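# Coordinate inspection notes
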Amino acid sequence: EINKPDEAESLLERFIRDPGFKKDHPQALLTLADFEIQDKDYYRAQYWLEKIISEYPKTKLYRDAFFLFGKNYYVQKDYSRSLEEFGKLSKTRRIDKGLRLEAKYYIALNHYELGNYGAGEKVIRDVIDDEIRTEKLALAKVLRGRFLLRGKDPDKGKAELEAVTKDYPRSQASGYAAWYLAEYL
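Per chain, residue numbering runs from 1 following the sequence as it is written. In keeping with the model being predicted, local features are shown solely for residues with a pLDDT of at least 70 and side-chain atom pairs are shown and tallied solely at 80 or more, while totals for entire chains, interfaces and linings include all residues. With hydrogens and water stripped out, all remaining heavy atoms of the structure feed into the side-chain values.

## Brief notes about helix 4 (residues 61–75)
To qualify as a helix, a DSSP run of H or I must reach at least 4 residues; to qualify as a strand, a run of E must reach at least 2; elements of each kind are numbered from the N terminus. How far a helix is expected to stretch is found by multiplying one less than its residue total by 1.5 Å. An ideal rise of 1.5 Å per residue puts 21 Å on 15 residues; helix 4 measures up with 21 Å between its terminal C-alpha atoms. Burial status follows relative accessibility: with a 1.4 Å probe on protein chains alone, a residue under 20% of its type maximum counts as buried, one over 50% as exposed, and anything between as partly exposed. Among all positions in helix 4, only Leu61, Tyr62, Ala65, Phe66, Phe67, Phe69, Gly70, Asn72, Tyr73 and Tyr74 are buried. We call two residues in contact when some of their heavy atoms are within 4.5 Å. Contacts made by the buried residues of helix 4 are with helix 2 (25–38), helix 3 (42–55), helix 5 (79–91) and helix 6 (97–114).

## A few points about the packing of aromatic side chains
Here the distance between the centres and the angle between the planes together describe a pair of aromatic rings. Two rings from Phe, Tyr or Trp (for Trp, the six-membered ring) form a pair when their centres sit within 6.5 Å of each other. Planes less than 30 degrees apart are called stacked, planes more than 60 degrees apart edge-to-face, and all others tilted. Scanning the model with the defined rule gives 13 aromatic pairs in all. Aromatic pair Phe86 and Tyr106: ring centres 5.0 Å apart, planes at 15 degrees, arrangement stacked. Taken together, the residues span a long stretch of sequence, with Phe86 in helix 5 and Tyr106 in helix 6 at a distance of 20 residues. Comparing Phe86 with Tyr106, the two get one shared label, buried. Put simply, the rings of Phe67, Tyr74, Tyr79, Phe86, Tyr105 and Tyr106 touch in pairs and so form one group of aromatic residues. We call a charge positioned above a ring when the Lys NZ or Arg CZ atom is no farther than 6 Å from the ring centre and deviates by at most 35 degrees from the ring normal. Between Arg146 and the ring centre of Tyr112, over which it is positioned, the NZ or CZ distance is 4.2 Å. The ring of Tyr180 carries Arg146 above its face, with NZ or CZ at 3.9 Å from the centroid.

## Here we look at the nonpolar core
Residue types Ala, Val, Leu, Ile, Met, Phe, Trp, Tyr and Cys, when buried and joined through side-chain atoms within 4.5 Å, form a set referred to as a nonpolar core. If you look at the biggest cluster of nonpolar residues, it comprises 53 residues, and the most contacted ones within it are Ile124 and Leu143. Excluding its chain neighbours within four sequence positions, the residues that come into contact with Leu143 are Tyr105, Ala108, Leu109, Tyr112 and Ile124.

## Regarding the pattern of salt bridges
Counted as salt bridges are all cases of a side-chain nitrogen of Lys or Arg within 4 Å of a carboxyl oxygen of Asp or Glu. According to the stated counting rule, one finds 12 salt bridges in the structure shown. Where Glu85 meets Lys88, a salt bridge forms, and the shortest distance between an N and an O atom there is 3.5 Å. With a gap of 3 residues between them, Glu85 and Lys88 both fall in helix 5, about one helical turn apart. Glu85 sits in the buried class, given a relative accessible area of 6%. Taking the relative accessible area as the measure of exposure, Lys88 reaches 42% and is therefore partly exposed. For the salt bridge of Glu160 with Arg144, the shortest nitrogen-to-oxygen distance reads 2.9 Å. A residue pair is termed long-range when its members are at least 10 positions apart, and Glu160 in helix 9 (residues 154–167) and Arg144 in helix 8 (residues 134–150) qualify at 16 residues. A relative accessible area of 14% means that Glu160 is categorised as buried. The class of Arg144 is partly exposed, set by a relative accessible area of 22%.

Okay, structure coming up:
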């Protein structure tokens, strides 16, 4: 809170070595990973997240760490590894529907980045069918529009992106839809 992240990081590293507070270690590890992500030190963040995943699989923070683990690979542009991690996460039994849908969204996004448009479009259609959160649904429709632009039916992709700008005005998704449509045109 007082902007001393180096001291906080040092304190947390000492804290996670103390076995007396083992039940609080996952939260400390997630905080350390968050510090590293903010510093764009993704490799060190992966280390802390992997520690949560391997040593604390029965905690509530396991799912969040697993999600961030895959997302970090995406940010690093390692789409194959990100796809692999999100594939594992989406098949995990102990996650809620929202997190499963977000994992599937990233699976589709990784397919897009890897040029697997057919496989990715199929995944994003499933997300659109199951998603009920408005902001997430809009982003999924933008991604579907991008797949259609790159695939067999660019006219449908254009219509999908135009529909997002009309159906979700003044939203982040609307901005993305306009951007990708302009890029296409």
